[in-house]
Amino acid sequence: APLLPVCLRRPESSERRKLLEDEARLCGSVDYPRSAATSAESPPRHRPSTSPCGRRHRLQSTMKKKVLLMGKSGSGKTSMRSIIFADYLARDTTRLSPTIDVEYSSVQFLGNLHLHLWDCGGQDDFYKNYLDNMRDHIFRSVELLVYVFDIEHFEAVDLKQFEAVAEALDQHSPDALVFVLLHKMDLVAEEERSLVFRERESLINECTRNLAVRVKCFPSSIWDETLYRAWSQIVYSLVPNTKLLEDNLNDFCKICGSDEVVLFESTTFLVIAHCEDGSKHSDVHRFEKISNIIKQFKLSCRKAQASFEGMVVQNSRFTAFFNLFTSNTCIMVIVSDTDIQPASIQLNIDAAKPHFESLIPQTQM
Amino acid sequence: GPLLNPKGAAAAAGTGVFAMALLRVKELPHVLGQLTEARPMPDLPGGAPEGRVLGAMLMSRHGALLGSSGFDAAEFEAPDAVHPSPKVMSAIVSNIWAEYAAGNAPALDNNNNVMDGVVAAAMDNNASGEEGAAASFHTLLLELQHGHLAVVGICGGDYLLCAYADEKLQPGLLRIKIGALASYLNESLRHLPRCQ
């Protein structure tokens, strides 16, 4: 069933490796030395790959922004990753050493943004290792840190680990944003969720009180829309000039006589910008539903060796247009006015592409 | 009102404004309505000319309908209608246009204006059309059983303007009417980016 998450249990290392190796072919990869990074060795260096994508990455390396995804082993990062980023993004992984269970992978979205996933083992040794030896390499030039807590494992030691990470980040990237996801909230009884969340949130705010980095907490669960909402906020924060985008989208919406126009990031289908003309839609969860449906459809297209360009869905009440828009986005236009011909909307979507293409790179500076 | 958003048109004209040029889709039927709406005619010797334009539509080169005006359901969609339906019309018109255009590319004068030429063809008896003296053409006039159809290429044929009139309207007058709107559309739509 498409709406169920792919990972319901922690994947075995062999499964995980296969999953990630399959995607390693797709795009340029960040190479890390395979040997164990003991304190004697230098930190991993970024070596541009020789694939075409890799060459492009090298040229754009100055524009790359880093998003770190960290959290205790078993907190749900891989699960989250497969839901939000589906199974078909460029990633690379390597193991630091047989004894230290660490995975690095890199996911590209929103153009030149790289999500570096650091899936770390539970051993204290590991944390000590990358907080000491690789500290500046990891925590330098970070745009955003997403830290995942398993709501059931929120002991003092877990908080201490987070604090250490936050301090390292504060030291090397004081302008970074920190999004803390209090994950697996479905395991908390519904009536207690709000209270539990606020308690944890205040603990987190307490330990980051003296830091320059801005911290924001979200409850999340793979079983409802909270995960999508949290990640939408995250992606939204990575697009600085959302006002500019939304103003232009508004113009587009009005000129097309459409009911609603939504701009999705084309890999994750998270909402970047959105505007409505007139009455508010009743279903606030429609974005994650659409996101799921389109992602599944894209996957099916891929399996059939076809690439998803766009589609038009028409019923008695409205016509919905989905189109790959700019290089990183997909646009959805909803038109319920039956006097408007579909071809005219398609014409406008094509006409607006170059304009938005020029807008969106600006927002990534 | 204008067919393109004013900021977009200004931007496309190169005035330094940073905006996208889009088609104001709700305005299109009104613009096309200039052909179909009844207008007061001046007093002419011999009385006012008879006949009217029953429907006008703008389509893409490939026959995808962008907007229309007229084509009253009672006259076109009823089971006993004598006139072809707009959908059928747009499909056939775009095909015919492609055929003629393939053989006769429009000639441009020194100012890059498409030169006027007329080809008339009888649609119902397969007679080969009598081509105008000039090798170029830009208006297609078709005499159907119960009406006249005029098709004009806009922006070099990227769009097609089509007007269907009842048989009482003289083809010459139909051509003049559609020609006037065609100039306006050529001027408005040329600012849209060519993506076809």
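Just so it is clear, the structure is predicted and the values come from calculations on it, not from any experiment.

## Some words on the interface of chain B and chain A
Piece 1. Each side of the interface is counted separately: chain B has 19 residues, and chain A has 20 residues.
Piece 2. Of all residues in chain B, Met20, Leu22 and Val25 of chain B bury the most surface against chain A, accounting for 35% of the area lost on that side.
Piece 3. In this assembly, chain B and chain A are joined by one salt bridge.
Piece 4. A salt bridge links Asp337 of chain A to Lys26 of chain B, with the nearest nitrogen and oxygen atoms 3.6 Å apart.
Piece 5. Remark: the boundary between chain B and chain A carries two residue pairs in polar contact (both at pLDDT 80 or more).
Piece 6. It is strand β2 (residues 65-70) of chain B that provides the largest number of residues to the side of chain B that touches chain A, a total of three residues.
Piece 7. Classifying every residue of the side of chain B that touches chain A by side-chain character gives 14 nonpolar, two polar and three charged.

## A closer look at the pairing of strand β11 (residues 329-335) of chain A
Residues and elements named next belong to chain A.
Piece 1. Counting buried positions along β11 gives seven out of seven residues, so the element sits mostly inside the fold.
Piece 2. Burial along β11 is two-sided: Thr329, Ile331, Val333 and Val335 facing one way and Cys330, Met332 and Ile334 facing the other are all buried.
Piece 3. Taken together, the six bridges between strand β7 (residues 260-265) and β11 define a ladder with antiparallel strand orientation. Note that in β11 the partner of Glu265 across the bridge is Thr329.
Piece 4. When strand β10 (residues 319-324) meets β11, the two strands line up antiparallel, connected through six bridges. Bridge pairing in β11 places Phe322 opposite Met332.
Piece 5. Two successive antiparallel strands, β10 and β11, enclose a turn made up of four residues.

## A closer look at a negative patch on the surface
Piece 1. Among the surface-exposed residues, Glu190, Glu191, Glu192 and Asp224 of chain A lie close enough to one another that they form a single negatively charged patch.
Piece 2. With relative accessibility at 31%, the residue Asp224 of chain A sits in the partly exposed group.

## Overview of the domain arrangement of chain A
One frequently used descriptor of interface size is the decrease in accessible area upon assembly of the parts.
Residue and element names in this part refer to chain A.
Piece 1. Its domain assignment divides chain A into domain 1 (63-238) and domain 2 (242-359).
Piece 2. With 17 residues of domain 1 at the contact, the number on the domain 2 side is 19 residues.
Piece 3. There are zero salt bridges connecting domain 1 and domain 2.
Piece 4. Summed over the shared surface of domain 1 and domain 2, the number is one residue pair in polar contact (both at pLDDT 80 or more).
Piece 5. Secondary structure elements with two or more residues in the side of domain 1 that touches domain 2: α3 (77-85), β2 (102-109) and α8 (226-237).
Piece 6. The element that contributes the greatest number of residues to the side of domain 1 that touches domain 2 is α8, accounting for six residues.
Piece 7. The residue makeup of the side of domain 1 that touches domain 2, split by class, is twelve nonpolar, three polar and two charged.

## Description of the environment of Leu3 of chain B
All names here are of chain B.
Piece 1. Tracing the sequence through the fold places Leu3 in the segment before α1 (6-12).
Piece 2. Taking the C-alpha atoms as reference, Leu3 lies 28 Å from Gly147; in sequence the two are 144 residues apart.
Piece 3. Not counting chain neighbours up to four residues away, the residues in contact with Leu3 comprise Leu22, Leu23, Arg24, Glu27, Leu28, Val31, Tyr184, Leu185, Ser188 and Leu189.

## Structural notes on the sheet that holds β7 of chain A
Residue and element names in this part refer to chain A.
Piece 1. On the basis of which strands lie adjacent, the open sheet formed by five strands has the order β8-β7-β11-β10-β9 and antiparallel pairing. Only two strands of the sheet have a single neighbouring strand rather than two, namely β8 (271-276) and β9 (310-314). Averaged over all pairs of adjacent strands, the angle between strand axes in this sheet comes to 10 degrees, irrespective of strand direction.
Piece 2. When β7 meets β8, the two strands line up antiparallel, connected through five bridges. Of the residues in β8, the one forming a bridge with Val261 is Cys275.
Piece 3. Against the sheet, helix α10 (residues 286-303) makes contact with β7, β8, β9, β10 and β11, and its axis sits at roughly 55 degrees relative to β7, the strand it touches most.

Thresholds, definitions, all that
Residues numbered from 1 in each chain as written. Chains lettered and ligands numbered in written order. Predicted model: local features only at pLDDT ≥ 70, side-chain atom pairs only at ≥ 80, totals over all residues. Heavy atoms only, no water. Contact = heavy atoms within 4.5 Å. Buried area = accessible area lost by both parts, 1.4 Å probe. Salt bridge = Lys/Arg side-chain N within 4 Å of Asp/Glu carboxyl O. Polar contact = N/O pair within 3.5 Å; in protein donor to acceptor, adjacent residues only side chain to side chain. Helix = DSSP H or I, 4+ residues; strand = E, 2+ residues; numbered from the N terminus. Nonpolar A, V, L, I, M, F, W, Y, C, P; charged D, E, K, R; others polar. Buried < 20%, exposed > 50% of the residue type's maximum accessible area, 1.4 Å probe, protein only. Pairing = 2+ DSSP bridges. Patch = residues over 30% accessible without salt bridge, like charges linked within 9 Å, V, L, I, M, F, W, Y side chains within 5 Å. Areas by Shrake-Rupley, 256 points an atom, 1.4 Å probe, with all protein chains shown as cover. Lys, Arg positive; Asp, Glu negative; His and termini not counted. Charge placed at Lys NZ, Arg CZ, Asp CG, Glu CD. Domains from an automatic or database assignment. Axes fitted to C-alpha atoms, helices over the stretch in contact; angles between N-to-C directions.

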